[in-house]
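Residues per chain, in single letters:
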Amino acid sequence: MRLIFIFFLLFGILNAEATIETTKNTYLQQEEVKVTLTGMLGNPQDWVGVYPQGASNAWDNIVKWSWTGGIIDGNITIGTIPVGDYEVRAFFNNSFEVESSYPFSIEEGDLDVNISTTKNSYLPNEDVVVNFSNMLGDVKDWIGIYPQGASNDWGNVVAWKFTNALVDGNITFSNLAEGNYSVRAFFSNSFNLEANSSFTIQDEEVTVDEVTLTLNKEVYAQNELIYINYDHMQGNNLDWIAIYPAGATYHFENVIDYKYTWGNISGEIALGGFPQGETLHGFTPMPRLSAGNYEIRAFFNNTLHAEKIVPFTVTEQPVVSTMYEDANGSISEDWIHVSGPYPPVYYNGVVRLRAKWINKYTNTSEYTLPFDVPNTTQKVLELDVGVQGRWTPHFNVGVIVQTTNGQRRMLWDSFLNHYNVSANKQGNVLSYPTYVDLQRYTSKSRKHFRVNVDKYLKILEPNNKVISITDFFATGGDLDNIKLSSH
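Here the residue index of a chain counts from 1 through its sequence in written order. The predicted nature of this model means local features are confined to residues of pLDDT at least 70 and side-chain atom pairs, given and counted, to a pLDDT of 80 or more, with totals for whole chains, interfaces and linings taken over all residues. With hydrogens and water stripped out, all remaining heavy atoms of the structure feed into the side-chain values.

## Some words on the overall build of the protein chain
- Secondary structure elements are defined from DSSP: runs of H or I of at least 4 residues count as helices, runs of E of at least 2 residues count as strands, and each element is numbered from the N terminus. For the protein chain, the count of helices and strands is 3 helices and 39 strands.
- Projecting the C-alpha coordinates of the protein chain onto the three principal axes gives extents of approximately 80 × 75 × 45 Å.
- Only protein chains enter the calculation, and the probe is 1.4 Å; a residue is then buried if its accessible area is under 20% of its type maximum, exposed if over 50%, and partly exposed in between. Counting over 487 residues, the protein chain shows a buried share of 46%.
- When checking whether two residues touch, look at their non-hydrogen atoms; a contact exists if any pair is within 4.5 Å. A sequence separation of at least 24 residues applies to 65% of the contacts in the protein chain between residues at least 6 apart.
- Only the protein chains shown count as covering a residue, and every accessible area follows the Shrake-Rupley method with a 1.4 Å probe. Surface summary for the protein chain: the accessible area is close to 23,700 Å², and the carbon and sulfur share equals 50%.
- Taking the 32 positively charged and 54 negatively charged side chains of the protein chain as two groups, their mean positions are separated by 9 Å. The positive count covers Lys and Arg only, the negative count covers Asp and Glu only, and His and the chain ends enter neither. The location of each charge is read from NZ of Lys, CZ of Arg, CG of Asp or CD of Glu.

In structure tokens:
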């Protein structure tokens, strides 16, 4: 019996399949790196280490490390790490044989901490609720109430509380005297101010400003995003703004698209894109509003009582396009052969870009088609793929865009669908699964591909916006009719 037990124990150890990954692909230098472990051995001397990317597992290469505490599945906080590109690696039982690894990066920059009260003015008997977001997550992050204009010295603190290591959340303060105050956010028990907001305690009713919603247009085409500037929201995390059909009841099943304001009293959101939390797998088609009459409605604190309603209209409008490659007898002279053994060529009415695999999974080819003038008005990418009788290996297509937050490379890759990989961000590269397969079954059937670049940008960067599109790129494919369209 003992031999059987030892056999199964050894069998389980040999077949343990550990995984490790960081909670984010990119951290700012102030943030603590946190990892999620599954399938560990459960040995007290299982451990994780942070190494520079590409470094060997030698002890001298370790940047930071931690025992797992014998957990099998769970989370570990590694701490802060200098700027650079790293891998976190999991090891069993004090060995140096890596069981799983995951890449991540540390970038320079400051956390965009936000702090606000739910109201600008309170009565003396009211609780003051403070919403905060993007805190460091340290157990000694704290929020303090100060008289307005006072320094951050401890002697000036009127009331204070730790954030309980929350990154986003709220804190309530009670029994504050009448006066003008500043609520301030600090990291790690320090007095270095990260964010602040003002409010008042006064013994009289305060006039509340009416919510305002300002749309960037009154009439939209059927595939456009609706940008809304809002002001005088209540400041609750669950204040929200939504699109309804004109005249529809407030029942939530009538909501077409919505977003929370996350404690912001004023700001900008875009609606009419991909609904919050919807997966792109299963070849999700790009959302669009049909022609008709609609309303933008604003609500406080997850209720269904509208504070403001603004109407708008969607009409069927002709699409205006700029063609960059029609492969009509020849291909554009502007193509740049970035890498790979084969230059772009004209073939039977398409531009043929040949993907070249090495190691059975890495494509070494890349081709770029720069635009003479950055396109600031047409943000829908269109192209045709296939129908030339050949199987095309793994490739992707994409655009280089200038955004309000800098340059981005946005690419669409059916390979992500094949392996059920979600949309993801690595530095300034944003990768998305495709709603139509660009690789399989295209040898005898041409596929048309059409994506609104601004809508896809907001999946991974909701507060970002496309300014212009400057280049098309691809790593393979038989492509035709590459163009940008108005909507």
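## With respect to the nonpolar core
- Val397, Met410, Trp412, Phe472 and Leu479 are the most contacted members of the largest nonpolar core, which totals 36 residues.
- Once you skip the residues sitting within four places of it in the chain, Leu479 turns out to touch Val350, Val351, Leu353, Leu383, Asp384, Val385, Val397, Phe472 and Ala474.
- Core analysis: the next-biggest nonpolar cluster, separate from the first, contains 23 residues, Tyr122, Val130, Met135 and Phe199 among them. To form a nonpolar core, buried Ala, Val, Leu, Ile, Met, Phe, Trp, Tyr and Cys residues must be joined to one another through side-chain atoms within 4.5 Å.

## What to know about the sheet that holds strand E1 (residues 19–22)
- What the 3 strands build is an open sheet, ordered E1-E3-E6; its pairing is antiparallel. Two strands bound the open sheet, and with one partner strand each, they are E1 and strand E6 (74–79). Across this sheet, the average inter-strand angle for adjacent strands is 25°, counted without regard to direction.
- For two strands to be treated as a pair, DSSP must find no fewer than two bridges joining them. Here E1 pairs with strand E3 (residues 33–38) via 4 bridges, running antiparallel. The residue of E3 that forms the bridge with Glu21 is Thr36. Orientation is described by axes fitted as lines to C-alpha atoms, over the contacting stretch for helices, and by angles from 0 to 180 degrees between their N-to-C directions.

## Details of the confidence of the model for the protein chain
- In predicted models, pLDDT denotes the confidence assigned by the predictor to each residue on a 0 to 100 scale. On average, residues of the protein chain score 89 in pLDDT, and 93% of them reach the 70 mark or higher.
- Segment residues 1–15 is flagged for pLDDT under 50; beyond a separation of four residues in sequence, or across chains, it makes 1 contact in the model.

## Digging into the sheet that holds strand E5 (residues 64–67)
- Spatial strand order, E2-E8-E7-E4-E5: 5 strands in an open sheet with mixed pairing. Each edge of the open sheet is held by one strand with a lone partner, namely strand E2 (26–28) and E5. Adjacent strand axes in the sheet meet at a mean angle of 25°, parallel and antiparallel pairs treated alike.
- Inspection of the sheet shows strand E4 (residues 47–52) paired to strand E7 (residues 84–91) by 6 bridges, in the antiparallel sense. If you follow Val50 over to E7, its bridge partner there is Val88.

## Considering the packing of aromatic side chains
- Paired rings are identified among Phe, Tyr and Trp, the last through its six-membered ring, by centres lying within 6.5 Å, and are further divided according to the angle between planes into stacked (under 30 degrees), edge-to-face (over 60) and tilted (the rest). For the structure on display, the rule yields 41 aromatic pairs.
- Between the aromatic rings of Trp240 and Phe299, the centroid separation amounts to 4.2 Å while the plane-to-plane angle is 15°, which identifies the pairing as stacked. Of the two residues, Trp240 sits in strand E20 (residues 240–245) while Phe299 sits in strand E23 (residues 292–299), which places them 59 residues apart along the sequence.
- Trp240 sits in the buried class, given a relative accessible area of 2%.
- Ring plane angle 15° and centroid distance 5.6 Å describe the contact between Tyr435 and Phe449, whose orientation is recorded as stacked. Residue Tyr435 is located in the loop between strand E36 (429–432) and strand E37 (447–452), and its partner Phe449 is located in strand E37; the two are separated by 14 residues in the primary sequence. Phe449 shares its class with Tyr435; the two are buried.
- What links up through ring pairs into an aromatic cluster is the set Trp240, Tyr244, Tyr250, Phe252, Tyr258, Tyr260, Trp262 and Phe299.
- Whether a charge sits over a ring comes down to the Lys NZ or Arg CZ being within 6 Å of the ring centre and within 35 degrees of the ring normal. The side chain of Arg184 reaches across the aromatic face of Tyr146, ending 4.3 Å from its centre.

## Considering helix H3 (residues 453–460)
- With 6 of its 8 residues buried, H3 lies for the most part within the structure.
- Buried residues of H3: Val453, Asp454, Lys455, Tyr456, Leu457 and Lys458, and no others.
- With a side-chain oxygen lying 3.1 Å from the backbone nitrogen of Asp454, the N-terminal cap of H3 falls on Asn452. Two N or O atoms form a polar contact when they lie within 3.5 Å of each other; inside protein one atom must be a possible hydrogen donor and the other a possible acceptor, and for residues adjacent in sequence the pair counts only when both atoms belong to side chains.

## Remarks on the side chain of Thr68
- Considering the arrangement of structural elements, one finds Thr68 in the loop between E5 and E6.
- Each residue touching Thr68, except ones within four places of it in the same chain, is listed here: Leu37, Met40, Asn43, Asp46, Trp47, Val48 and Ile76.

## Focus: the environment of Trp59
- Inspection of the secondary structure assignment puts Trp59 in the loop between E4 and E5.
- When its relative accessible area of 44% is taken as the criterion, Trp59 is described as partly exposed.
- With 10 residues separating them in the primary sequence, Trp59 and Gly49 have C-alpha atoms 9.3 Å apart.

## Comments concerning the pattern of salt bridges
- Counted as salt bridges are all cases of a side-chain nitrogen of Lys or Arg within 4 Å of a carboxyl oxygen of Asp or Glu. Summed over all chains, the structure comprises 14 salt bridges.
- Between Arg89 and Glu87 there is a salt bridge whose closest N-O contact spans 3.0 Å.
- Taken together, the salt bridges that share partners define one network made up of Asp384, Arg446 and Asp480.

## Details of the environment of Asn424
- In this structure, Asn424 sits in strand E35 (residues 424–426).
- C-alpha separation for the pair Asn424 and Gly49, spaced 375 residues apart in sequence, amounts to 24 Å.
- Apart from the residues within four sequence positions on either side, Asn424 is in contact with Leu416, Val429, Leu430, Ser431 and Leu460.
- Among the polar contacts made by the side chain of Asn424, one reaches the main-chain carbonyl oxygen of Ser422 at a distance of 3.0 Å.

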